[in-house]
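The residues making up each chain are set out below.
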Amino acid sequence: MRISVAMGKQGILRARLGDALTMASAVDACDRLRQVSESSERLELDLSSLQDIDTAGVQILLALRKERQAKGHLLRMVQPSQPVQDVMSILGLESLFDEVLTVSKEQTP
Amino acid sequence: MMDLDSMRVAFVQEMRELLSEMEAALLDMERNGPDDERIHAVFRDAHTIKGSAGIFDLDHVVGFTHAMENALDQVRNGTLACDPDAIGLFIACCDHLQLLATGVEKRTGEGDLEPETRAKLVERLKNLSAGRKSETSALAPLEPINAKVEVLEGVSGHPVDSDAWHISLRPAPSMFSEGLDPVALLRYLTKLGTLAHVETIDDTVPMLSELKPDISHLGFEIALVTTEERNRITEAFEFLPKGSVLRLIPPHARIDAYIQLLEDLPESNARLGELLLACKALTEDELESALRMQGRSGDAREPLGQILIKEQIVPPPVVAAALDKQRKRMEQATQESRLVKVEAGKLDRLIDFVGELVIAAAAAKISARKEKARASEEAISNLSHLVESIRDSALGLRMAPVGEVFNRFPRLVRDLSRELGKTVSLEVSGAETELDKALIDKLADPLTHIVRNSLDHGIESREARIAAGKPPGGTLRFDAYHETGSIVIEVSDDGGGISRAKVLQRAIDRGLVPPNQELSSKEILDLIFEPGFSTAEQVTNLSGRGVGMDVVRKTIQGLRGEIDLVSEEGVGTTLQLRLPLTLAIIDGFLVGVKERSFVVPLDMVVECADFPTGGRADGEGRHIVALRGEALPLIHLRDLFGLDGPRPIRESIVVVEYGGHRAGLVVDRLLGEFQTVIKPLSHLFSGVRGIGGSTILGTGEVALILDVPALVQRMERLESSPTSQHLLQGASA
């Protein structure tokens with residue numbers, strides 16, 4: 001999995017996930033996301049280039065959300081590609097894209 | 001809990017049922033070409049047998065069905081052609097499994113019979129697979145069903161509103177590495193119906209820093225709206241890896257089922273409640289009442305399976321297997337529209353009691369009438385109605401579709417026609433016609449014999465048929481229908497018919513009739529039913545088995561039935577069996593002669609008429625009377641049973657009909673309708689024709705039940721020799 005990072009407004013780190021987030025590359029993807037997650041308290045995942053995701057991939061995103069939630073760090077998932085939308089909708093997880101996860105209200109844009 | 005022996009019996013029974021299903025599907029494909037549904041069905045059946053056999057450590061069955069399953073799987077995914085060769089081989093495999101089932105039942109050599117045959121079949125199965133596309137030769141062994149699957153139906157409480165299946169899936173943590181992707185599974189479910197709601201449960205998913213991405217922590221609560229059968233749904237989950245747990249709750253299940261779900265799932269009640277509400281499986285009120293009910297029952301409701309494992313009574317795999325079995329049972333129950341299997345003996349006892357009840361009710365009625373006790377009479381009249389309903393339903397329990405016996409014939413016809421080198425197609429109609437199960441079981445042998453005869457002697461060879469301008473393939477027809485209190489079963493073929501000349505010649509050769517006797521066409525045909533008769537010019541190993549049509553006729557007569565033969569040379573032959581619907585109880589018409597009572601089966605009574613003899617003796621001599629311009633032969637019961645004494649001023653005629661023939665029974669008194677239980681006559685009286693049985697009247701008096709078919713038949717024969725006075729010898733009451 002490719003991840004390209006860029007600094008956005010309000011100190012939000014924008015990480016664009018590319019290609020696939022699946023079982024085949026899960027261990028690698030996990031490591032990279034950990035690094036990204038550790039590097040910013042405000043994180044936005046851009047899923048527009050993510051063409052393939054499976055349940056193992058979804059679990060990684062859920063684990064990331066858990067961690068951000070527990071630490072009170074912001075997480076947004078935005079611009080899901082069509083394949084990602086499809087998978088999320090079949091799993092009943094569409095709401096992931098609406099939520100902005102953080103406990104610190106003042107940081108919410 | 002069931003002991004192992006009775007489970008074994010259940011297993012053999014289940015195996016036989018599955019095998020006959022399998023055979024039916026295979027035969028159908030042989031006739032009508034491959035069919036995906038049926039291949040799947042055959043595969044599932046083999047798979048189920050394998051699973052159950054595993055429980056009993058029947059390794060030879062497991063190994064064999066495994067080989068079958070591999071080949072079937074290839075057929076299923078299209079890598080192996082579903083051609084007649086393959087189907088023929090699968091049918092042979094079914095036969096072998098039938099044999100193994102018998103072995104298991106009788107415990108001969110651990111049920112391991114004919115290992116050489118099996119080895120050959122396995123070899124052929126392997127060759128079948130290897131002979132085709134090679135990329136499938138390294139076929140991975142099939143996973144047995146390893147997941148724990150429970151269908152929670154609930155036993156008490158009110159049904160819930162939800163019209164969706166609630167599916168609670170907790171896949172094994174290893175699912176990702178086992179190649180299972182719930183997304184794919186859910187996509188498959190959308191083909192079965194509408195995924196009304198899915199909740200992905202991530203409660204136990206750890207933080208990313210602690211996540212091992214190849215271990216699944218997910219669970220799913222799914223609401224599926226579908227009209228599909230339960231087994232179609234569970235099928236979707238067939239390849240869940242070991243350690244997965246699947247719980248299904250059908251639409252409108254009782255609330256109980258959800259209580260059990262709440263208890264079984266690891267999540268907290270509050271969280272589960274939330275999920276169930278989200279899935280719209282329960283309304284808020286229903287959830288509340290479920291939680292209340294659960295609180296009341298406390299821990300006492302621990303699932304039996306868990307108790308067993310905890311107490312180390314049964315090792316977990318056995319319980320899982322048993323649950324698996326239970327699940328299949330339930331699936332089967334849906335398929336068979338919820339059948340309950342009852343031991344035949346229990347039913348017979350019930351029918352016996354109902355019989356006694358009918359007699360007791362009749363006695364009460366008679367005594368109330370005698371005492372002119374109005375209130376009692378009315379009460380008893382109500383009671384009688386109920387008893388009648390009970391009688392009808394009790395008898396209904398014994399009724400089974402005649403198709404049960406017809407089912408065996410497609411296979412027989414297939415095998416026989418191959419052996420004889422003829423092409424014969426079988427047509428069946430009226431298979432749903434019901435009759436007494438006891439009769440059905442006894443019909444198998446005579447019908448088999450009739451089918452053999454038809455195929456062997458009736459239907460001609462292809463060449464002969466073509467020469468006669470007929471279609472090259474013959475047709476055998478089975479037909480069943482109800483007719484005035486009887487069931488009629490017809491077996492007809494479009495073969496060469498029966499040559500009367502040959503029959504007569506054969507009968508003369510065998511000394512059955514003197515050479516110069518004049519016989520009607522029907523009488524000649526009836527010679528076929530004489531002991532030791534065979535018209536085949538060439539005795540084949542098929543019908544030359546020493547069992548003749550005489551045995552068939554005896555069997556049918558033993559069931560109070562009749563057999564009739566119609567045949568036209570060059571066109572075909574029809575055998576007609578006419579049987580009573582049940583052997584146990586009849587609606588009778590009670591008549592009196594002197595102080596004796598007789599019962600005429602009501603369904604054979606056409607009407608009653610006066611017979612004014614005025615007590616004169618000339619009534620005695622009259623054997624025929626004109627009734628509305630038609631001649632009606634008479635049977636004087638008083639003469640028939642040797643009841644002497646003065647005749648009353650007015651006698652009555654009870655007109656009876658059977659098989660298209662009418663006769664008048666002359667009696668002293670008509671006593672009205674009477675429902676009664678047939679008590680069979682003892683063997684001592686088995687030679688007496690004209691009496692079908694006896695019954696005990698409410699007064700304690702014994703009444704004889706007249707065997708109308710026999711009487712009418714006698715009458716017919718007597719038409720040629722009207723001088724005989726006593727139809728029955730030594731049959732005085």
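None of these values were measured; they are calculated from a predicted model. (Residues numbered from 1 in each chain as written. Chains lettered and ligands numbered in written order. Predicted model: local features only at pLDDT ≥ 70, side-chain atom pairs only at ≥ 80, totals over all residues. Heavy atoms only, no water.)

Participant: Lay out the interface of chain A and chain B in plain terms, naming residues and giving numbers.
Facilitator: Residue-level contacts link 24 residues of chain A with 28 residues of chain B. Taken together, both faces of the contact between chain A and chain B bury some 2200 Å²; the carbon and sulfur share is 66%. The interface formed by chain A and chain B includes 1 salt bridge. With its nearest N and O atoms 2.9 Å apart, the salt bridge here joins Asp202 of chain B to Arg65 of chain A. Applying the counting rule to chain A against chain B returns 14 residue pairs in polar contact (both at pLDDT 80 or more). Listing elements by their share of the side of chain A that touches chain B, those giving two or more residues are helix 1 (26-39), helix 2 (55-71) and helix 3 (82-90) of chain A. Take the side of chain A that touches chain B: its biggest share by element is 11 residues, from helix 2 of chain A. In terms of residue class, the side of chain A that touches chain B is built from 15 nonpolar, 3 polar and 6 charged. (Contact = heavy atoms within 4.5 Å. Buried area = accessible area lost by both parts, 1.4 Å probe. Salt bridge = Lys/Arg side-chain N within 4 Å of Asp/Glu carboxyl O. Polar contact = N/O pair within 3.5 Å; in protein donor to acceptor, adjacent residues only side chain to side chain. Helix = DSSP H or I, 4+ residues; strand = E, 2+ residues; numbered from the N terminus. Nonpolar A, V, L, I, M, F, W, Y, C, P; charged D, E, K, R; others polar.)

Participant: Requested: an account of the pairing of strand 18 (residues 650-658) of chain B, with residues and values cited.
Facilitator: Residues and elements named next belong to chain B. Burial runs high along strand 18: 7 of the 9 residues are buried. Sheet analysis places strand 18 next to strand 19 (residues 661-667), joined by 7 bridges and oriented antiparallel. Bridging across to strand 19, Ser652 finds its partner in Val667. (Buried < 20%, exposed > 50% of the residue type's maximum accessible area, 1.4 Å probe, protein only. Pairing = 2+ DSSP bridges.)

Participant: Explain the side chain of His96 of chain B to me, using residue names and the numbers behind them.
Facilitator: Residue and element names in this part refer to chain B. Inspection of the secondary structure assignment puts His96 in helix 4 (residues 84-106). Residue classification places His96 among the buried positions, given a relative accessible area of 4%. A polar contact is formed between the side chain of His96 and the side chain of Arg118, at a distance of 3.2 Å.

Participant: If you had to explain the sheet that holds strand 9 (residues 474-483) of chain B to someone new, which residues and values would you point to?
Facilitator: In a beta sheet, neighbouring strands are held together by backbone hydrogen bonds and run either parallel or antiparallel to one another. All names here are of chain B. If you trace the 5 strands from one edge of the open sheet to the other, you get 7-9-10-12-11, paired in mixed fashion. If you trace the sheet from one side to the other, it starts and ends with strand 7 (424-429) and strand 11 (562-568), each paired once. For this sheet the average axis-to-axis angle between neighbouring strands, irrespective of direction, equals 15°. Here 8 bridges tie strand 9 to strand 10 (residues 486-493), and the two strands are oriented antiparallel to one another. In the sheet register, His482 faces strand 10, and the bridge partner there is Ile487. The sheet strands contacting helix 16 (residues 409-420) are strand 7 and strand 9, and the helix crosses strand 7 at an angle near 165°. (Axes fitted to C-alpha atoms, helices over the stretch in contact; angles between N-to-C directions.)

Participant: Quick rundown of helix 14 (residues 374-398) of chain B? Include the residues and the values.
Facilitator: Between its terminal C-alpha atoms helix 14 of chain B stretches 36 Å, which fits the 36 Å expected from 25 residues at 1.5 Å a residue. For helix 14 of chain B, every residue scored as buried is listed here: Ile380, Ser384, Val387, Arg391, Ala394, Leu395 and Arg398 of chain B. (Expected span 1.5 Å × (residues − 1).)

Participant: If you had to explain the packing of aromatic side chains to someone new, which residues and values would you point to?
Facilitator: Residue and element names in this part refer to chain B. Tallied over the entire structure, the rule returns 3 aromatic pairs over all chains. Residues Phe409 and Phe478 carry aromatic rings whose centres are separated by 4.8 Å and whose planes lie at 15° to one another, so their mutual orientation is stacked. Taken together, the positions of Phe409 in helix 16 and Phe478 in strand 9 put the pair 69 residues apart, joining distant regions of the chain. One exposure class covers both Phe409 and Phe478, and it is buried. Centroid distance Phe598 to Phe641: 4.8 Å. Interplanar angle 20°. Geometry classified as stacked. Here the residue Phe598 occupies a position in strand 14 (residues 596-601), and Phe641 occupies one in the loop between helix 23 (637-640) and strand 18, the gap between them amounting to 43 residues. (Phe/Tyr/Trp six-rings, centres within 6.5 Å; stacked < 30°, edge-to-face > 60°.)

Participant: Residue-level account of the pairing of strand 14 of chain B, with values.
Facilitator: All names here are of chain B. In terms of residue burial, strand 14 counts as a mostly covered element, since 5 of its 6 residues are buried. Where strand 14 and strand 22 (residues 702-706) come together, 2 bridges link them in parallel fashion. Within strand 22, the residue paired with Phe598 across the bridge is Leu704.

Participant: Lay out the pattern of salt bridges in plain terms, naming residues and giving numbers.
Facilitator: Residue and element names in this part refer to chain B. Counted under the stated rule, the structure contains 31 salt bridges over all chains. Between Glu23 and Arg411 there is a salt bridge whose closest N-O contact spans 2.9 Å. Linking Glu23 in helix 1 (residues 4-32) with Arg411 in helix 16, this pair joins segments that are 388 residues apart in sequence. Put simply, Lys50 and Glu69 hold a salt bridge, and the shortest N to O gap is 2.8 Å. In this pair, Lys50 is assigned in helix 2 (residues 36-55) and Glu69 in helix 3 (residues 59-76), connecting sequence segments 19 residues apart. Three or more residues are tied together by salt bridges with common partners; here these are Glu23, Glu30, Asp95, Arg411, Arg414, Asp415 and Arg418.

Participant: I'd love a proper account of the packing of helix 16 of chain B against helix 17 (residues 437-458) of chain B, names of residues and values included.
Facilitator: Residues and elements named next belong to chain B. At a minimum axis separation of 10 Å, helix 16 and helix 17 run at an interaxial angle of 30°. By the angle between their axes, helix 16 is roughly parallel relative to helix 17. The handedness of the crossing between helix 16 and helix 17 comes out as right-handed. Of the residues in helix 17, those touching helix 16 at Phe409, Leu412, Val413, Leu416, Ser417 and Leu420 are Ala444, Leu447, Thr448, Val451, Arg452, Leu455 and Asp456. Per-class residue counts for the contact of helix 16 with helix 17 are 9 nonpolar, 2 polar and 2 charged. (Parallel < 35°, antiparallel > 145°, perpendicular 65-115°, else oblique. Left-handed = near helix turned anticlockwise from the far one by under 90°.)

Interpretation in functional terms is not warranted from these geometric data alone.
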